[in-house]
Amino acid sequence: MPVFSLPLRFFTITLFMAVLALTGCQTAPQKGLTPAQVAVLKQQGFELTDEGWAFGLSGKVLFGSDVEKLNPQSTEIVERIGKALLGVGIERVRVDGHTDASGKEPYNEQLSLRRARSVEKVLTAAGMKEQNIQLRGLGSSQPVASNDTAAGRTENRRVSIVVSAD
């Protein structure tokens, strides 16, 4: 055996171990939500939709006619949701504002955006970063009830908080 084989063998083994360690660092970050995050979303009243986990159907944040400010009860709900999401590492959300079909659509789109902004303010006060909150003003384009009745119009004046599933 040549004299350099032991140091060469040690070098080869060390190099191999270093390569293995580095390939472990190359793994892609986990996609999707963890089971703990999904459990909190369900607990808070979110439901899985085509667009992700949406808070809307079981705990709507409703607004009066031509009103963009949250009432105290809705403010408490949004604060609770913001803190719960941050507590499990969910830091990005989308807030969709909606209106009923009363009035002209350009006005309704702006009103729905102002409604989304009022929710954003509460979420940022709860600790969420403003740049992690996407806002959409959808006007009356996505009703959840008939605009032919007062009760239906009330249901349509809402915001939805959406957490992406990926």
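This text gives an overview of the structure that appears in the document. Keep in mind that what you see is a predicted model, and the values were worked out from it rather than measured. (Residues numbered from 1 in each chain as written. Predicted model: local features only at pLDDT ≥ 70, side-chain atom pairs only at ≥ 80, totals over all residues. Heavy atoms only, no water.)

Focus on the overall build of the chain
Piece 1. Of the regular secondary structure elements, the chain holds five helices and six strands.
Piece 2. In the chain, which comprises 166 residues, the share counted as buried stands at 37%.
Piece 3. Long-range pairs, those at least 24 residues apart, make up 72% of the contacts in the chain between residues at least 6 apart in sequence.
Piece 4. Accessible surface computed for the chain: about 10100 Å², of which carbon and sulfur atoms make up 59%. (Helix = DSSP H or I, 4+ residues; strand = E, 2+ residues; numbered from the N terminus. Buried < 20%, exposed > 50% of the residue type's maximum accessible area, 1.4 Å probe, protein only. Contact = heavy atoms within 4.5 Å. Areas by Shrake-Rupley, 256 points an atom, 1.4 Å probe, with all protein chains shown as cover.)

Here we look at the packing of aromatic side chains
Piece 1. This model, assessed by the stated rule, comprises one aromatic pair.
Piece 2. Ring centres of F46 and F55 lie 5.5 Å apart, and the angle between their planes is 50 degrees; this geometry places the pair in the tilted category. As far as the burial class goes, F46 and F55 line up, both buried. (Phe/Tyr/Trp six-rings, centres within 6.5 Å; stacked < 30°, edge-to-face > 60°.)

A closer look at unusual backbone geometry
Piece 1. In the Ramachandran plot, D66 falls in the positive-phi region, its phi being about 60 degrees despite a non-glycine side chain.
Piece 2. Turning to its location among the elements, D66 is positioned in the loop between β3 (61-62) and α3 (72-87).
Piece 3. For D66, a relative accessible area of 48% puts it in the partly exposed group.

Quick word on the pattern of salt bridges
Piece 1. Under the definition given, this model contains six salt bridges.
Piece 2. Put simply, E51 and R136 hold a salt bridge, and the shortest N to O gap is 3.4 Å. Pair noted here: E51 is in the loop between β1 (46-49) and β2 (52-55) and R136 is in strand β5 (residues 133-137), with a separation of 85 residues, a long-range link.
Piece 3. Among the residues examined, E51 registers a relative accessible area of 43% and is labelled partly exposed.
Piece 4. Here R136 falls in the partly exposed class, since its relative accessible area comes to 24%.
Piece 5. For the salt bridge of E68 with R114, the shortest nitrogen-to-oxygen distance reads 2.5 Å. Residue E68 is found in the loop between β3 and α3, and its partner R114 is found in helix α4 (residues 105-125); the two are separated by 46 residues along the sequence. (Salt bridge = Lys/Arg side-chain N within 4 Å of Asp/Glu carboxyl O.)

Brief notes about the packing of α3 against α4
Piece 1. At a minimum axis distance of 8 Å, the contact between α3 and α4 shows a crossing angle of 50 degrees. One way to sum up the angle between α3 and α4 is to call them oblique. As α3 runs across α4, the sense of the crossing is right-handed. Mapping the contact onto sequence places T75, V78, E79 and G82 in α3 and V119, V122 and L123 in α4.
Piece 2. Among the residues forming the contact of α3 with α4, the class breakdown is four nonpolar, two polar and one charged. (Axes fitted to C-alpha atoms, helices over the stretch in contact; angles between N-to-C directions. Parallel < 35°, antiparallel > 145°, perpendicular 65-115°, else oblique. Left-handed = near helix turned anticlockwise from the far one by under 90°. Nonpolar A, V, L, I, M, F, W, Y, C, P; charged D, E, K, R; others polar.)

Re the nonpolar core
Piece 1. Core analysis: the largest hydrophobic core is formed by 24 residues, its most contacted members being F46, L85, V93, V95, V119, L123 and V163.
Piece 2. Contributing elements (two or more residues each) for this core: α2 (35-44), β2, α3, β4 (93-97), α4 and β6 (158-163).
Piece 3. When neighbours within four sequence positions are excluded, F46 is seen to be in contact with L41, W53, A54, F55, I81, L85, I161 and V163. (Core = buried A, V, L, I, M, F, W, Y, C linked by side-chain atoms within 4.5 Å.)

A few points about α3
Piece 1. The end-to-end C-alpha separation of α3 is 22 Å, in line with the 22 Å expected for 16 residues at 1.5 Å each.
Piece 2. Listed as buried for α3 are S74, I77, V78, I81, G82, A84 and L85. For α3, the angular spread of buried residues about the axis comes to 170 degrees, placing them on one side. Exposed positions of α3 whose direction lies more than 90 degrees from the buried face are P72, E76, K83 and G87.
Piece 3. If you check the start of α3, you find a side-chain oxygen 3.2 Å away from the backbone N of Q73, and it comes from N71. (Expected span 1.5 Å × (residues − 1). Arc of directions from axis to C-beta. Polar contact = N/O pair within 3.5 Å; in protein donor to acceptor, adjacent residues only side chain to side chain.)

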